[in-house]
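Descriptive structure summary
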Amino acid sequence: MSFDQIKLGKGEDLVTLTRWVLAQQQEVPEATGSLTILLTAVQFGCKFVASKVKQAGLINLLGLTGTANVQGEDVKKLDVLANDIFRNSLIASGQACMLVSEEDENAMIIENPNERGKYVITFDPLDGSSNIDCGVSIGTIFGIFKVNDEKNPTMADCIRSGRELIASGYCMYGSYCEMILSVGNGVNGFTLDPAIGEFIMTHPNITLPPRGKIYSVNEGNYKYFDEPCKKYVDHVKQKYTARYVGSMVSDIHRTLLYGGIFGYPADSKSKKGKLRILYEVFPMAFLIEQAGGKATTGTQNALDILPEHIHDRSGIWLGSKEDVEELESFYAK
Ligand code: AHM
Ligand code: MG
C-alpha cells in the first residue's frame, strides 16, 4: 500500500501526534519548542508502557511488588516499571523542572540546574491498579504547569490551582491504545498504530454532547454517600444506563466520547474522596472543560480547588455540562 493510499476516511493526510504538536508550536511565534520536546518524552513513555502492558503476563510483570506506597496502597510491578519509565524519559528530555508522581512520596526537583527545564509534570504512571492483573483497560494521566522561576523551584510550583495548567492528557491502554491531549485549545485523540509505532490522529476536536445517557459511579459505596449524592444517584438511574470500569482513564474516555457523567464523590468512608487532585482530578477536569463539559466537586468547580499537599484528594464529578449541572442542583437544594 502506498503512502497516498493510507488516508483517513475523509481523504485527509495522516496526522501523527508529533506533527500535530509541532504544528501547534508553529502557531505561537515566541514558542521555543520545549513543550514539544516534553510531549515527545511523554509520548515515548506511553509507547514504552503500552508495550510492557501487552507483554506483562508473559514476562512476569503481573502481581504485587510486596510493598505499599506512601498512600498505603499495594504497589504492582507494572506501577513501579511505569513510574521508572516516565521518570527517566521526562528527566532525559531536559524540559522538566519538577516531577510529581502518584508513586513517589515527595515531589522531585531535578537536581542539576543545567538539566532543568521550565515545566512541572504531575502524573499517575499507571492508573487503575485494581484492573492491571485482569487485563482491563488502564492508563497514564498527566498534567503540565509552567514553573515560576526554574532557578528556584518551590513547592508552590506544584501545589496550585488547576486553572494554571497549560496542558494535560492521558493514554489509555485498552483494546486500542489512545492518547488524549489538550494544550488549551480543544481536545484531540491519537491512536497508536503498533505496526509503525506512531500515534495517529483519529479523534480530532473531541466535543462532549451537552447531555449523555450514562452515569458512572461505584455504587458499592452508596451506603457511604451523603444525602444529595444518594438522591442524585436514585434520580439518574431512573433515566440512564450504568457503566463503571473502575479505571478512571477508561471511564473518562467513554464519557468524552459518549457523554454522560462520571463521579467519585467524597463520602463518609473516604472523607476527601479517592482521586488525587494533582494527577487525576485536575488533568481530567482540564480535558473535560476543553471538550465543552464541566467538572465539579458538587459545590465547587474542580479546577478551582487548591490542594494542600501533593497527594491531596477530592471528590469529583465530570462529564456533559447539563448532567453535571443537574448533579450540582442536588447539592444546591
Ligand atoms: P489507583 O490510582 O490506585 O489506580 O486508583 C485510582 C482508581 C481510578 O482509576 C478509579 O476511578 C478508581 O480508582 C476506582 O476506585 P474503586 O475501585 O474504589 O471504584
Ligand atoms: Mg491513579
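Along every chain, residues carry numbers that run from 1 in the direction the sequence is written. Naming scheme: in the order in which they are written, chains are lettered from A and ligands are numbered from 1. At least 70 in pLDDT is required for a residue's local features to be given in this predicted model, at least 80 for side-chain atom pairs to be given and counted, and no such filter applies to totals for whole chains, interfaces and linings, which use all residues. Hydrogen atoms and water are omitted, and side-chain values are computed over all heavy atoms in the structure.

Put simply, the test is: UniProt positions are given in the numbering used here, feature names are shortened, and annotations may be inferred rather than shown by experiment.
The protein chain goes by Fructose-1,6-bisphosphatase in an unreviewed UniProt entry, where it is assigned to Absidia repens. Looking at the protein chain in UniProt, the text filed under Pathway (unreviewed entry) is "Carbohydrate biosynthesis." Listed under Sequence similarities (unreviewed entry) in UniProt, the entry text for the protein chain is "Belongs to the FBPase class 1 family."

**As for the nonpolar core**
For the record, the criterion: Here, nonpolar core refers to any group of buried Ala, Val, Leu, Ile, Met, Phe, Trp, Tyr and Cys residues whose side-chain atoms link them within 4.5 Å. Classification of residues uses two cut-offs on accessible area relative to the type maximum, computed with a 1.4 Å probe and protein chains only: under 20% is buried, over 50% is exposed, and between them is partly exposed. What counts as a helix is a DSSP run of H or I of at least four residues, what counts as a strand is a run of E of at least two, and both are numbered from the N terminus. Domains are outlined according to an automatic or database domain assignment. We call two residues in contact whenever any of their non-hydrogen atoms come within 4.5 Å of each other.
Counting 41 residues, the largest nonpolar core has Tyr170, Ile252, Leu256, Phe282, Met284 and Leu318 as the members making the most contacts within it. Mapped by element, the contributors of at least two residues to this core are β3 (96–101), β6 (138–146), β7 (167–173), α5 (248–258), β13 (261–264), α6 (277–290) and β15 (316–319). Of the residues forming this core, the biggest block, ten residues, is contributed by α6. Residues lining this core come from more than one domain, with at least three contributed by each of domain 1 (13–203) and domain 2 (214–332). Ignoring anything within four residues of it in the chain, the contact list for Leu256 reads Tyr170, Ile180, Ile206, Thr207, Leu208, Leu287, Ile288 and Ala291.

**Points about the sheet that holds β15**
For the record, the criterion: Two strands are counted as paired when DSSP detects at least two bridges linking them. Here, axes are lines fitted to C-alpha atoms. For helices the fit covers the stretch in contact, and angles between N-to-C directions go from 0 to 180 degrees.
Taken in spatial order, the five strands of this open sheet run β12-β11-β13-β15-β14, and their pairing is mixed. Pairing within the sheet leaves two strands with one partner each, and these edge strands are β12 (241–242) and β14 (294–296). Where β14 lies against β15, three bridges are found, and the strand directions are antiparallel. Bridging from a neighbouring strand, Lys294 pairs with Gly319 of β15. Contacting β11 (214–216), β13 and β15, helix α4 (residues 227–236) runs over the sheet at an angle of about 30 degrees to β15. Across the sheet, helix α7 (residues 321–332) touches β13, β14 and β15, and the angle it forms with β14 is around 25 degrees.

**Looking at the domain arrangement of the protein chain**
Test applied: We count a salt bridge whenever a side-chain nitrogen from Lys or Arg sits within 4 Å of a carboxyl oxygen from Asp or Glu. Whenever two N or O atoms come within 3.5 Å, that pair is a polar contact, provided that in protein one can donate a hydrogen and the other can accept it, and provided that, for residues adjacent in sequence, both atoms are side-chain atoms.
Split into domains, the protein chain comes out as domain 1 (13–203) and domain 2 (214–332). Placing the centre of domain 1 and that of domain 2 at their C-alpha centroids yields a distance of 22 Å. Taken together, the 51 residues of domain 1 in the interface contact 33 residues of domain 2. Applying the counting criterion to the domain 1 and domain 2 interface returns three salt bridges. The partner of Arg163 in a salt bridge is Asp304, and the shortest N-O contact between them spans 2.9 Å. Inspection of the region where domain 1 meets domain 2 yields 20 residue pairs in polar contact (both at pLDDT 80 or more). Put simply, the parts of the chain that give the side of domain 1 that touches domain 2 at least two residues each are β3, β5 (119–127), β6, β7 and β8 (177–182). Tallying contributions element by element places β6 first for the side of domain 1 that touches domain 2, with seven residues.

**Quick word on the pattern of salt bridges**
Applying the stated rule across the entire model yields 18 salt bridges. The shortest N-O distance in the salt bridge between Arg276 and Glu280 comes to 3.0 Å. The exposure classification of Arg276 matches that of Glu280, with both residues buried. Salt-bridge contacts for Lys321 lead to Glu325; the nearest nitrogen and oxygen are separated by 3.3 Å. One end of the pair is Lys321 and the other is Glu325, both in helix α7 and four residues apart, which spans about a single turn.

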